[in-house]
Amino acid sequence: MDWFHPALGLVAASSAFTLDGVQYPAGWLRSQQPDGFLPVRVTPRPDDRLFFVSEQIVTVIDGEAVVSWNAEARDPADIKAAQDREANAGLVIRLEALDKRKARPLGAIVAAQLAGQTPHPLDVASLTALEAEAAELRSQIRG
């Protein structure tokens, strides 16, 4: 448990501290509840994806130091854009992998055409299937 003292602020129970010229060893607060120290209750930190969290605020309420957070709500449009980027990240990786897989059949088709030959049907079918898969992934992109 952490403690709060008006002259020291927040003090971890496992830390050493000096108060009124007296040095207290690390862990001393674990076995003591000295006068002037209040137990600490920490409220949950707001979600950084939804709020700009700038600092902790300590307020004494009913003999307890309550640690809360100074938080300002983010713009809903920014939240949606971040959620879209996160959702699209996996799709982008899969699309990049498909692009690499398309290189071989596309190269074979182009080489055949440059040589004045008909591309091999398996190369055409492979490229067509990969393009269809890429189109399906693109249709799932948000935002």
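Going by the structure above, here's the rest.
First things first, this report covers the structure right here in the doc. (Residues numbered from 1 in each chain as written. Predicted model: local features only at pLDDT ≥ 70, side-chain atom pairs only at ≥ 80, totals over all residues. Heavy atoms only, no water.)

1. Considering the packing of aromatic side chains
Each aromatic ring pair is described using two quantities: the centre-to-centre distance and the angle formed by the ring planes. For the coordinates displayed, the defined rule picks out four aromatic pairs. Ring centres of Y24 and W28 lie 4.6 Å apart, and the angle between their planes is 45°; on these two criteria the pair is classed as tilted. Overall, the relative accessible area of 24% leaves W28 in the partly exposed class. Chaining the aromatic ring pairs together yields one cluster made of F17, Y24, W28 and F37. Taking the ring centre of W69 as reference, the NZ or CZ of R45 above it sits at 5.2 Å. In this structure, R74 packs its charged tip against the face of F52, placed 3.9 Å from the ring centre. (Phe/Tyr/Trp six-rings, centres within 6.5 Å; stacked < 30°, edge-to-face > 60°. Buried < 20%, exposed > 50% of the residue type's maximum accessible area, 1.4 Å probe, protein only. Lys NZ or Arg CZ within 6 Å of the ring centre and 35° of its normal.)

2. Brief notes about the side chain of H5
Take H5: it is sitting in strand β1 (residues 3–5). Those residues in contact with H5 that sit more than four places away from it in its chain are L19, G36 and F37. (Helix = DSSP H or I, 4+ residues; strand = E, 2+ residues; numbered from the N terminus. Contact = heavy atoms within 4.5 Å.)

3. Here we look at helix α2 (residues 76–114)
Each turn of an α-helix holds 3.6 residues, which means side chains three or four residues apart point in the same direction. Between the first and last C-alpha of α2 there are 53 Å, a value that for 39 residues agrees with the 57 Å anticipated at 1.5 Å per step. Within α2, burial applies to I79, D84, N88, L91, L95, L98, K102, P105, I109 and A112. Looking at the packing, one finds that the buried side of α2 touches α3 (121–139). Structurally, the start of α2 carries an N-cap: the backbone nitrogen of A77 is 2.8 Å from a side-chain oxygen of D75. (Expected span 1.5 Å × (residues − 1). Polar contact = N/O pair within 3.5 Å; in protein donor to acceptor, adjacent residues only side chain to side chain.)

4. Some points on unusual backbone geometry
Even without being a glycine, D20 presents a positive backbone phi close to 55°. Within the secondary structure layout, D20 lies in the loop between β3 (17–19) and β4 (22–24). Phi is positive for D62, close to 50°, though the residue is something other than glycine. Along the chain, the position of D62 falls in the loop between β6 (51–61) and β7 (64–73).

5. Points about a nonpolar patch on the surface
Taken together, the side chains of L106, V110 and L114 make up a nonpolar region of the molecular surface, amounting to roughly 300 Å² of accessible area. By the secondary structure assignment, L106 is in helix α2. The exposure class assigned to L106 is partly exposed, which follows from its relative accessible area of 41%. (Patch = residues over 30% accessible without salt bridge, like charges linked within 9 Å, V, L, I, M, F, W, Y side chains within 5 Å. Areas by Shrake-Rupley, 256 points an atom, 1.4 Å probe, with all protein chains shown as cover. Salt bridge = Lys/Arg side-chain N within 4 Å of Asp/Glu carboxyl O.)

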